[in-house]
Amino acid sequence: MSQSTSTMGNEKIKTSRRKFLKTATILTGATLGYSWLKSSQVLLFAAEPKDETLPWYGIVIDIQKCIGCGSCAKACKSENDVPVEPFFFRTWIEQYTVKNDGTVDIVSPNGGIDGFEQRVPTEDIFKSYFVPKMCNHCSKSPCSQVCPVGATYESPEGVVLIDEKYCIGCRYCVQACPYGCRFIHPVKKVANKCTLCYHRLKKGLAPACMEVCPTGARMYGNLRDKNSDLVKYLKEHTTQVLRPHLNTGAKLYYNALSGEVR
Amino acid sequence: MAPHYQHLYDILAHSQGYIFPNEIDLQWGILIVVYPFITGLVAGAFILASLERVFKVKILKPTYQIALLTALSFLLVATMPLISHLSQPRRAYEIMITPHSSSAMAIFGFVYLWYLTVVLLLEIWFDYRHSMVVWSNERTGIMKWIYKILTLGVSDITPKTLKWDRKLGYIITVVGIPSAFILHGYVGFIFGSIKANPWWSTPLMPIIFLFSAMVSGISLVLLVYMIISYFRKKVVDVNVLDAIGKYLFFVLILDFTLEGLDQIQRIYEAEESFEIIKLLVSSKLYLTLFVSQGLIGTIIPLITLAFLQFYKHQIKLRKTMYFIIGILVLIGVYSMRWNVVIGGQLFSKSFSGFTSFKVGLIGLDGTLMAAFWLVLPIGILAFLLWLLPPWKMVKEED
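Here, residues in each chain are numbered from 1, in the same order as that chain's written sequence. Here chains are named by letter from A upward and ligands by number from 1 upward, in the order in which they appear as written. Residue-level local features of this predicted model are given only where pLDDT is at least 70; pairs of side-chain atoms are given and counted only at 80 or more, and the full residue set underlies all totals for whole chains, interfaces and linings.

### Quick word on the overall build of chain B
Test applied: Starting at the N terminus, helices and strands are each numbered in turn, a helix being any DSSP run of H or I of at least four residues and a strand any DSSP run of E of at least two. Computation of the radius of gyration draws on C-alpha atoms alone. For the globule rule, the value is 2.2 Å times the number of residues to the power 0.38. Buried, partly exposed and exposed are defined by the number of other C-beta atoms within 10 Å of a residue's own C-beta, namely 20 or more, between the two limits, and 12 or fewer respectively, with C-beta atoms placed from the backbone.
Scanning chain B from terminus to terminus reveals 14 helices and 2 strands. Here the C-alpha radius of gyration of chain B, 23 Å, is about what a compact globule of 398 residues would show, namely 21 Å. Taken along its principal axes, the extent of the C-alpha atoms in chain B is 70 × 55 × 35 Å. In chain B, buried positions account for 45% of the 398 residues.

### Some remarks on the overall build of chain A
Of the regular secondary structure elements, chain A holds 7 helices and 11 strands. The burial tally for chain A puts 39% of its 262 residues in the buried class.

### A closer look at the packing of helix H2 (residues 30–54) of chain B against helix H8 (residues 205–231) of chain B
Residue and element names in this part refer to chain B. We count it as follows: Angles here are taken between N-to-C directions and fall from 0 to 180 degrees, while the axes themselves are lines fitted to C-alpha atoms, restricted in helices to the stretch in contact. Orientation categories follow fixed angle ranges, with anything under 35 degrees roughly parallel, anything over 145 roughly antiparallel, 65 to 115 roughly perpendicular, and all other angles oblique. The contact criterion used here is simple: two residues whose C-beta atoms, placed from the backbone, lie within 7 Å are in contact. Amino acid classes used here: Ala, Val, Leu, Ile, Met, Phe, Trp, Tyr, Cys and Pro are nonpolar; Asp, Glu, Lys and Arg are charged; the rest, including Gly, are polar.
In the contact formed by H2 and H8, the axes pass within 6 Å of each other and the chain directions differ by 70 degrees. Taken together, the axes of H2 and H8 are roughly perpendicular relative to one another. Judged by residue contacts, Pro-36, Gly-40, Leu-41, Ala-43, Gly-44, Ala-45, Ile-47 and Leu-48 of H2 engage Phe-209, Ser-212, Ala-213, Met-214, Val-215, Ser-216, Gly-217, Ile-218, Leu-220 and Val-221 from H8. The class makeup of the residues in the contact of H2 with H8 is 13 nonpolar, 5 polar and no charged.

### Describing the sheet that holds strand S10 (residues 239–240) of chain A
All names here are of chain A. What counts, and what does not: The pairing criterion is simple: DSSP has to find at least two bridges between the two strands.
Spatial ordering of the open sheet is given by S9-S1-S11-S10, a layout of 4 strands whose pairing is mixed. On the outer flanks of this sheet lie strand S9 (218–222) and S10, each paired with one strand and no other. Running over the sheet, helix H7 (residues 229–236) touches strand S1 (57–62), S9, S10 and strand S11 (252–255) and is turned about 115 degrees from S9.

### Quick notes on the nonpolar core
Residue and element names in this part refer to chain B. Where we set the bar: Structurally, a nonpolar core is described as a collection of buried Ala, Val, Leu, Ile, Met, Phe, Trp, Tyr and Cys residues joined by way of C-beta atoms within 7 Å.
Membership of the largest hydrophobic core comes to 171 residues, with the highest contact counts inside it found for Val-42, Ala-45, Ala-71 and Val-221. Ranked by residue count, the leading element in this core is H2, at 17 residues. Those residues within four positions of Ala-71 in sequence are excluded, and the remaining contacts are Val-42, Ala-45, Phe-46 and Leu-120.

### Brief notes about the interface of chain B and chain A
Facing the 36 residues of chain B at the interface are 44 residues of chain A. Residues belonging to the side of chain B that touches chain A are distributed by class as follows: 18 nonpolar, 12 polar and 6 charged.

### Re the confidence of the model for chain A
All names here are of chain A. Counted only if it meets this: Within a predicted model, pLDDT stands for the predictor's per-residue confidence, ranging from 0 to 100.
Mean pLDDT for chain A: 89, with 85% of residues reaching 70 or above. Long-range and interchain partners of residues 1–7, a stretch whose pLDDT sits below 50, account for 0 contacts in this model, where long-range means more than four residues apart. Of the regions scoring below 50 in pLDDT, residues 39–46 engages in 8 contacts with residues more than four places distant in sequence or in other chains.

### Some remarks on the confidence of the model for chain B
Here chain B averages 94 in pLDDT, while 99% of its residues score no lower than 70. Taken together, the chains of this predicted complex give a pTM of 0.90 and an interface ipTM of 0.94.

### A word on the sheet that holds strand S3 (residues 104–107) of chain A
All names here are of chain A. One open sheet accounts for 3 strands, arranged S3-S2-S4; its pairing is antiparallel. With partners counted over all chains shown, the strands left at the sheet margins are S3 and strand S4 (125–134), one partner each. Neighbour-to-neighbour, the strand axes of this sheet turn through a mean angle of 20 degrees, independent of strand direction. Pairing analysis gives 4 bridges linking strand S2 (residues 91–99) to S3, with the strands arranged antiparallel. Bridge pairing links Gln-95 to Val-107 in S3. Contacts from helix H2 (residues 71–80) reach S2 and S4 within the one sheet, and its direction differs from that of S2 by about 160 degrees.

Below is the structure:
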């Protein structure tokens, strides 16, 4: 009797062991499979708005409205503690002058903060215009993709931000941004860039550059809200992003963007 | 302390055309030139060692341990230029603790550790274990204990165990070859995957880095072998040089072809960035690309090596020629790293202008520091050769 009990006990142990192994294998397999799938998603790196209760910010710059006064770049520097030296800009303005001979003259003295003087003689000018530049807050941002520690990230509202306490200063993100929007802050020694004045957005205020623009050339808004002014503007105008072939998912749309601009 | 901006004003004064205002200062300087150069030497030296072990190229036997120890010496230093160029070097460990899975750079620490511990250290340990056990028995005093510690307490030298040492060492070499390919191909990928930069962004970049790595590693081992023989007052076996030279010749042809293919593709497609790149190579990179990398580092060694495949007289002359080729190839590969790293940052991403770059002598990012990181591995190698002299190893029967 005792013998048969012990045999039954062994079998019981064997069965439960088999069951355990089976469950463990399934769980491990599922975990590995999931992590593999997840990493594949990471490779595709398509950021999508997740929280639908939050806005999904986009920006419009109307080149036809910009007068090159430089107020935006100036306001940005004082609002965001950007060094005044002409090597560090979260936003700047470029002046394009297409000459009659087809060549293009591009300048941005001190980022346009002090305004512009046309250096091409009037008779040689085919056309001229100003292009304000800032972070494109890409939804497939190359800078976030390459950050080795994840110090650069996209906020749930689609704003590309940097954790200054976490950035190791490897400068890979500066290399990866095709628009030249990043720099290393000379005092903080970490990467720095436009935050779309996230601190102001959170209080319901407009970014500093947009607040001061005298002609309303810059706009921001909720791309998710089909009734927002921004979406209406995009519907009524032919807009384009910079470097569309790079597929960065840029959310900065330019109206009247000319082919010379990069 | 307030930062100084004078050098930036100087660069601004020397910039040409239009560059984005944030692009005045180069982000990656000479240390990032040194880093891929060093990892390339590691990968190349290891691959040469593997030739002997896996493909049984007996003639290369005298260079086997030398190549492994050379690889180890340089690998130990490889991370230093990287860490010292960070703006926040004290946060460097974050890359290991919280790596960002989509970042090419985040994987570096793991590839590096894998290569260092699983491949190089283990392989060298299996190779030297027998000798270290014997040395610890022969020596007295502190050296006895050092060798004893290095054996990690595994003092069994019965033929059966030694056979296992050889077997496991062989397996590690086999695993090591793809690892060496990954280590350096990966370094190429760091640059090749940056779509914002047309001078870097090419799928050929990892492969080009790999072949140039092999070229540089083989040349380095050739030089180290000759220099060691000189100091040991031993005759350099010219047959060994011929064998290394033959491999160098073939790999250099492949390297030259791949780099040529990359440039031909670029010229023929002549994409958006072509004009600015044409200006870049014909002005800013003229000396380092056409003269230093092309002529000195590739064409002259190729012609000389081709000549040496047929001309087999005058041993002394041949030795001198191999020595000079080794140096020229190293200059060429260093220039290649320069052309990639610095060249890729000299032109603006607006494709409308250039910034300028001048290496300082002192400072963390200066020439002296870069030179230090290049000389340090040689010191480490000298120490390793003293500690683990390949020529005093206990002979084993194959």
